[in-house]
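Listed below are the residues making up each chain.
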Amino acid sequence: MTDVSSGGVTHHDVVCPFCGLGCDDVSLTVRGNAVEAGEGACGRAAALFRRSADPAPSARVMGREVALDEALAAAAELVSAARSPVYGGLGTDVDGVRALIKLASKTGGSVDHYASTGLFRNLSTSQRKGWIATTLAEVRNHCDLLVVIGPDPSEAFHRLYNRITPPTGRFIKGKRKVVFLGGAPSDEARAQLEGVEIQTIAVPEGELLDALSRLQGLLSDAPAVPGGPDLAALAEGLKGAHYGVLAWSAGMLGGDGDLIVERASIIVDILNVDTRAACLPLAGRDNLIGANQAFLWNIGFPLRTAFRGGQADHDQLLNSTEEALKSGDLLIWTSAFRPEQPPAFEGQLVAFAHPDTIFEREPEVFVPVGQPGLDHRGLAFRTDTVVSIPLGHYRDAGLPSIAMVAKGLRERLS
Amino acid sequence: MSAVRITGGKVLDPANGEVGVERDVFIQDGRIAASGAVGEGVTETIDAKGGVVMAGAIDIHTHIAGGKSNIARLLMVEEQRAIREPAGPFCACGGGLSTMTAHATGCRYVEMGYTAAFEPAVVGANARHMHYEMGDIPFLDTGGYLVLGNDDFLLDLIASGAGQQAVNDYVAWMLAATKCMAIKIVNPGGINAFKFNARRLDLDEANPHYEITPRKILTTLIRAVTELGLAHPIHLHGCNLGVPGNEQTTLDTIAATEGLPLHMTHVQFHSYGTEGDRKFSSGAAKIAEAVNKNPNISIDVGQIMFGQTVTASADLMSQHRNRGIATPKRWIGMDIEMDAACGIVPFEYKDKSFVNALQWAIGLELFLLVEDPWRIFLTTDHPNGAPFTTYPHLLRLLMDKPFRDEQFAKLPKSARKHSILNELKREYTLEEIAIVTRAAPAKILGLTDRGHLGAGAAGDVVIYRDDPDREAMFSKAEYVLKDGRVVVKDGEIVDVVYGRTHSVAPDYDKSMDAKLDRWFDQAIGFKAKTFKMRDHEIRDGQGTVVHATKRSA
Ligand code: SF4
Ligand SMILES: [Zn+2]
């Protein structure tokens, strides 16, 4: 649906690519280059969609404005000379990821997404042991008891409860209940949860893992693990629920996040012997999940994979951007969804990035790129890994896609 | 204009009644041409003397893409590390065997002479992913079968008595939205019932929420695809997969069709009796007899082979039951979007295991006892029974009785006692192999221009060396041409081309649009129009090849 008025064009039902919930009821008004999000957009999305009427900046080499061609030629020289390139950021649509995979397999180097910490906390359980997980619409219709573990994920997934726990669900008899274990809902979350029973169970700082162990003990009739808070009622609630869901945002959990995830998945396994339950692991801003999926089907490994001598290998510690930069000499930073600042780094920097990116220091090469879902079409994945969302094209500001730029760079390499 | 002439080979083209006729085959502009039509224009001549010329092979059931394949890759990281495909002029750095990456999948298939492979389990919510991933598989024409029969919208339609017409409209709407080419049912109603905590669901047992039976779901969907005029019948993964005694469910399912067409997939997993001291026996003879008697039934086997693989299925109810046998000890299940589910369980089939050995024999018994090669298809249900790379070995087992007996003799005595395999004298002929791997799959999928070498057919042609060791013969083709281009020579890949995606789009009453808009808004929480795939999303804007149906849009 599109409305045209003297003030520009308003597009309805726009799909939002940012946090991984994939809301598709956002309206966008476009006047020339200027963009303003309206109805549907959460505060974060409104800020990220907003554009001024200013023309897009041009590409730069050492701070000097140049044509795209020249910037790519300069980037090709740097990449060819690099001993150990590091591909970071990876905030791009599936086509962008595909193009970067081809580029990296040619140049060598490690590849990681800037927001992958939570993903790898989740993978440390799912890959080693597995779990039973679920998707947004299943929670929405089946889940009579949602247990949110740790900090409220809606700080990052703003419209989470609107999407997954409206007061009524197709198969929910009685009142839906949401329990916050070791975290508390924000005011905005409380507003979204109107009509839903809310309970918060405080857990002393750093004791969330112990609390989950105690909950596991209560469910498996193991000897009681001493300490507070009392979780007997929660255990009974989960046993009695038709479809209990344990949700968390792994990126917000602390250093023992991987153990918390593992414990939660074990609790779900135990519950599934007699009733139904599932995990809802939340992670996925800026198409993190899509990048991981495209890696799996093209390369066979998750992110944090490095290419060396035509071979790919995966190591979630060594190939994280942070580790890789310790021995890298060139960072190729790609971030199209938001002006994410690249990490501090002594070596050279090539940035295919959001036009508004503020750099700590001027990159050797900077190419401003378009945003999937605004400047060009694309594909992104939702946090639940199953559903992928088609992103639209709503303005022409002359910004190339990361896929185009990465392909252009690859073609310039001998 | 380009034209290729393949000379001197023995042409095996059962769809056109040619069995080992020595003649030239011409391909012009990517299609098979009549010999007279090409004249002087031949730009390339391939000498096929001493070879066998066939159309490109077609796999009608192989799990090559989508969310569950990626979960399998994630779980099987040791395999991915062990089996890597180095980057070369034609290959990216993929890898894996039971969890092969997209590029490797295309390469390994085409080396064996396959030029089309169909993904049999597209969950609607995952269709977009599936299509993007299939677009990265080189060499193969592809398409997907949409999984229905556990989706809440359909079960609600049936339970509320909305009528056959409404079901037909919904099925057509979903096919158009997901750009699929057939309908698959996985454990009708059972996956849904598991979400309501049922652990098993027999053919005549009611779903705990909707109170309708698998039989009702099955017969309603069989009618829907018949009335919509889809070429491919319902592709059924039946109830009670892997459960001893499920032979009766399978026989009851055949009877439930009342003569309407039905394709039953990986029937090996559905042919188990309960005889003997281990309460596990072969039901192959009974099932084959029923298939022989009912010309409306076709099957693929889902042969198992010994070794490590990973089982990936939409049937979470069964996979949850099987979780204890996971090797290595890890597995992932997912409930999916009011639509279906998935369960991925790594597994190693061991020849020393009584059950696995008997499963192997049951598959082969089915192959040898089903008489009509047009109604049985060569599958391992990749990767569930074994990786598709075991096909050449399987072909030799079917074609070479002494070899088969040799393999059978290696099995534990307890398993051999329960199988009639060594009494079965049949050896598949080359002609029968051409039927089960080419002509029949094309026919049952309605791909009129594939699986044969008549004028106008797709220029997918394979030349095999006529080697008495059939395993060696079918492992590496001498030549493979895709759309008239040589892509394999002497078993090696020499060029890369991409195939197309096939779909159907039967017409539906447009009032279904409003109903689904409402359903998506309220139940799913996003919009029907977001769910619907557009042509520009298929293969960088190429769109699909849309096949005609009785009720065409
Ligand atoms: S909640 Fe997430 S998907 Fe929804 S509008 Fe906000 S950023 Fe976009
Ligand atoms: Zn299958």
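With an unreviewed UniProt entry as reference, chain B is termed Formylmethanofuran dehydrogenase subunit A, source organism Hansschlegelia beijingensis.

Going by the annotation in an unreviewed UniProt entry, the name recorded for chain A is Formylmethanofuran dehydrogenase subunit B, with Hansschlegelia beijingensis given as the source organism.

1. Observations concerning the overall build of chain A
When helices and strands are tallied, chain A shows 13 helices and 21 strands. On C-alpha atoms alone, chain A measures out to a radius of gyration of 23 Å, which is about the 22 Å that the 2.2 N^0.38 rule sets for 414 residues. A total of 414 residues make up chain A; the buried ones form 65% of that total. Nonlocal contacts in chain A, meaning residues at least 24 apart in sequence, comprise 62% of its contacts between residues at least 6 apart.

2. A few points about the side chain of Arg73 of chain B
Note that Arg73 of chain B resides in helix α2 (residues 67–75). With near-sequence residues (within four places) excluded, Arg73 of chain B lies in contact with Leu296, Trp297 and Gly300 of chain A together with Ile64, Gln80, Thr99, Met100, Thr101, Ala102 and Glu133 of chain B.

3. Examining the sheet that holds strand β3 (residues 18–22) of chain B
Residue and element names in this part refer to chain B. Here we have seven strands laid out as an open sheet, ordered β3-β2-β7-β22-β23-β24-β25, and mixed in their pairing. Single-partner strands in this sheet number two, and they are β3 and β25 (492–493). Against the sheet, helix α17 (residues 430–445) touches β2 (10–13), β3, β7 (51–55) and β22 (461–465), its axis set at about 30 degrees to β7.

4. Re the coordination of the zinc ion (ligand 2)
All names here are of chain B. Within the protein, the zinc ion (ligand 2) binds to His61 (NE2), His63 (NE2) and Asp381 (OD); these donor distances fall in the range 2.0 Å. Judged by relative accessible area, His61 falls into the buried class, the value being 0%. Overall, Asp381 belongs to the buried group, its relative accessible area being 2%.

5. Quick look at the domain arrangement of chain B
Residue and element names in this part refer to chain B. Annotation of chain B at the domain level lists domain 1 (3–55 + 447–493), domain 2 (57–445) and domain 3 (501–547). Between domain 2 and domain 3, the residue contacts involve 32 residues of the former and 27 residues of the latter. Both faces combined, the contact of domain 2 with domain 3 buries some 2,700 Å², and carbon together with sulfur accounts for 67% of it. If you sort the residues of domain 2 by the area they bury against domain 3, Arg128, Trp173 and Lys179 come out on top, with a joint share of 29%. The interface formed by domain 2 and domain 3 contains two salt bridges. The partner of Lys179 in a salt bridge is Asp535, with the nearest N and O atoms 3.3 Å apart. By residue number, the principal contributor to the side of domain 2 that touches domain 3 is helix α7 (residues 164–178), which donates nine residues. Split into classes, the residues belonging to the side of domain 2 that touches domain 3 amount to 20 nonpolar, six polar and six charged.

6. Focus on the domain arrangement of chain A
All names here are of chain A. By domain assignment, chain A separates into domain 1 (2–49), domain 2 (59–115 + 286–412) and domain 3 (119–283). Here the C-alpha centroids of domain 1 and domain 2 sit 25 Å apart. Facing 17 residues of domain 1, the contacting portion of domain 2 comprises 18 residues. In total, domain 1 and domain 2 occlude about 1,400 Å² of area from one another, counting both sides; carbon and sulfur atoms represent 60% of this. Broken down residue by residue, the surface that domain 1 buries against domain 2 is led by Val15, Pro17 and Phe18, which jointly contribute 34%. Where domain 1 touches domain 2, the interface holds three residue pairs in polar contact (both at pLDDT 80 or more). Of all elements in the fold, only β2 (8–14), β3 (26–31) and α1 (43–49) reach the threshold of two or more residues within the side of domain 1 that touches domain 2.

7. Considerations on the side chain of Asp93 of chain A
All names here are of chain A. For Asp93, the location among the structural elements is in the loop between β7 (85–91) and α3 (94–107). Of the buried charged residues, Asp93 lacks a salt bridge, with Arg98 as the closest side chain of opposite charge at 8.0 Å. Here Thr92 takes part through its side chain, which lies 3.1 Å from a polar atom of the side chain of Asp93. Apart from the residues lying within four places of it in its own chain, the contact partners of Asp93 are Asn287, Phe337, Pro372, His376, Arg377, Gly378 and Leu379.

8. Brief notes about the site of ligand 1
Near ligand 1 you find Cys16, Phe18, Cys19, Leu21, Gly22, Cys23, Cys42, Ala45, His158 and Arg159 of chain A, and these make up its full shell. Of the residues assigned to the shell around ligand 1, the class counts are seven nonpolar, two polar and one charged.

9. A word on the interface of chain B and chain A
Contact residues are listed per partner, giving 58 residues for chain B and 59 residues for chain A. In total, about 5,000 Å² of surface goes out of reach between chain B and chain A, with carbon and sulfur atoms giving 52% of it. When the area that chain B buries against chain A is broken down by residue, the three leading residues are Leu74, Tyr132 and Asp335 of chain B, summing to 12%. Taken together, chain B and chain A are joined by seven salt bridges. Between Asp313 of chain A and Arg81 of chain B there is a salt bridge, with the nearest N and O atoms lying 2.9 Å from each other. The interface formed by chain B and chain A holds 40 residue pairs in polar contact (both at pLDDT 80 or more) in total. Of all the elements in the fold, those that place two or more residues in the side of chain B that touches chain A are α2, α3 (77–82), α5 (127–135), α6 (152–159), α8 (190–195), β19 (332–336), α19 (511–524) and α20 (528–531) of chain B. Grouping the constituent residues of the side of chain B that touches chain A by class yields 22 nonpolar, 15 polar and 21 charged. Pairing of strand β9 (residues 132–133) of chain A with β19 of chain B, which is carried by two bridges, proceeds in the parallel orientation. When the bridges of β19 of chain B are listed, Ala133 of chain A appears paired with Met334 of chain B.

10. Some remarks on the packing of α3 of chain A against helix α13 (residues 402–412) of chain A
Residues and elements named next belong to chain A. Between α3 and α13, the least distance of the axes is 8 Å, while the angle of their chain directions is 20 degrees. Viewed along their axes, α3 and α13 adopt a mutual orientation that is roughly parallel. When the axes of α3 and α13 are compared, the crossing they make is left-handed. For the pair formed by α3 and α13, the contact residues are Asp95, Gly96, Ala99, Leu100, Lys102, Leu103 and Lys106 on the first element and Ile402, Ala403, Ala406, Leu409 and Arg410 on the second. By residue class, the composition of the contact of α3 with α13 is seven nonpolar, one polar and four charged.

11. Observations regarding the packing of α7 of chain B against α19 of chain B
All names here are of chain B. At their nearest, the axes of α7 and α19 sit 10 Å apart, and the two run at 70 degrees to each other. The pairing of α7 with α19 is recorded here as roughly perpendicular in orientation. Across the interface between the two elements, Ala166, Asp169, Tyr170 and Trp173 of α7 pack against Met512, Asp513, Leu516 and Phe520 of α19. In terms of residue class, the contact of α7 with α19 is made up of six nonpolar, no polar and two charged.

12. Quick look at unusual backbone geometry
A cis amide bond, omega -10 degrees, links Thr327 of chain B with the succeeding residue Pro328 of chain B. On the secondary structure map, Pro328 of chain B appears in the loop between α12 (316–322) and β19. One non-glycine residue, Met62 of chain A, adopts positive backbone phi at about 50 degrees. By secondary structure assignment, the location of Met62 of chain A is in the loop between β5 (59–61) and β6 (64–66).

13. Some details on helix α14 (residues 391–399) of chain B
Counting buried residues in α14 of chain B gives eight out of nine residues, a clear majority hidden from the surface. All buried positions along α14 of chain B are accounted for by Tyr391, Pro392, Leu394, Leu395, Arg396, Leu397, Leu398 and Met399 of chain B.

14. Let's talk about the packing of aromatic side chains
Two numbers describe a pair of aromatic rings. These are the distance of the centres and the angle of the planes. Tallied over the full model, the rule gives 23 aromatic pairs over all chains. For the pair Phe359 of chain A and Phe366 of chain A, a centre-to-centre distance of 5.4 Å together with 70 degrees between the ring planes defines the contact as edge-to-face. Overall, Phe359 of chain A belongs to the buried group, its relative accessible area being 14%. When the ring of Trp173 of chain B is compared with that of Phe520 of chain B, the centres are 6.0 Å apart and the planes differ by 35 degrees; the resulting orientation is tilted. Here Trp173 of chain B, found in helix α7, pairs with Phe520 of chain B, found in helix α19; they are 347 residues apart in sequence, far enough to count as distant. Comparing Trp173 of chain B with Phe520 of chain B, the two get one shared label, buried. A network of ring pairs unites the aromatic residues Tyr109, Tyr114, Phe388 and Tyr391 of chain B as a single cluster. When the ring centre of Tyr428 of chain B is taken as reference, the NZ or CZ atom of Arg426 of chain B above it lies at 4.3 Å.

So, how was this worked out
- Residues numbered from 1 in each chain as written.
- Chains lettered and ligands numbered in written order.
- Predicted model: local features only at pLDDT ≥ 70, side-chain atom pairs only at ≥ 80, totals over all residues.
- Heavy atoms only, no water.
- Helix = DSSP H or I, 4+ residues; strand = E, 2+ residues; numbered from the N terminus.
- Rg over C-alpha atoms; globule rule 2.2 N^0.38 Å.
- Buried < 20%, exposed > 50% of the residue type's maximum accessible area, 1.4 Å probe, protein only.
- Contact = heavy atoms within 4.5 Å.
- Pairing = 2+ DSSP bridges.
- Axes fitted to C-alpha atoms, helices over the stretch in contact; angles between N-to-C directions.
- Donors = N, O, S within 2.8 Å, 3.2 Å for Na, K, Ca; no water.
- Domains from an automatic or database assignment.
- Buried area = accessible area lost by both parts, 1.4 Å probe.
- Salt bridge = Lys/Arg side-chain N within 4 Å of Asp/Glu carboxyl O.
- Nonpolar A, V, L, I, M, F, W, Y, C, P; charged D, E, K, R; others polar.
- Polar contact = N/O pair within 3.5 Å; in protein donor to acceptor, adjacent residues only side chain to side chain.
- Lys, Arg positive; Asp, Glu negative; His and termini not counted.
- Near = heavy atom within 4 Å.
- Parallel < 35°, antiparallel > 145°, perpendicular 65-115°, else oblique.
- Left-handed = near helix turned anticlockwise from the far one by under 90°.
- Phe/Tyr/Trp six-rings, centres within 6.5 Å; stacked < 30°, edge-to-face > 60°.
- Lys NZ or Arg CZ within 6 Å of the ring centre and 35° of its normal.

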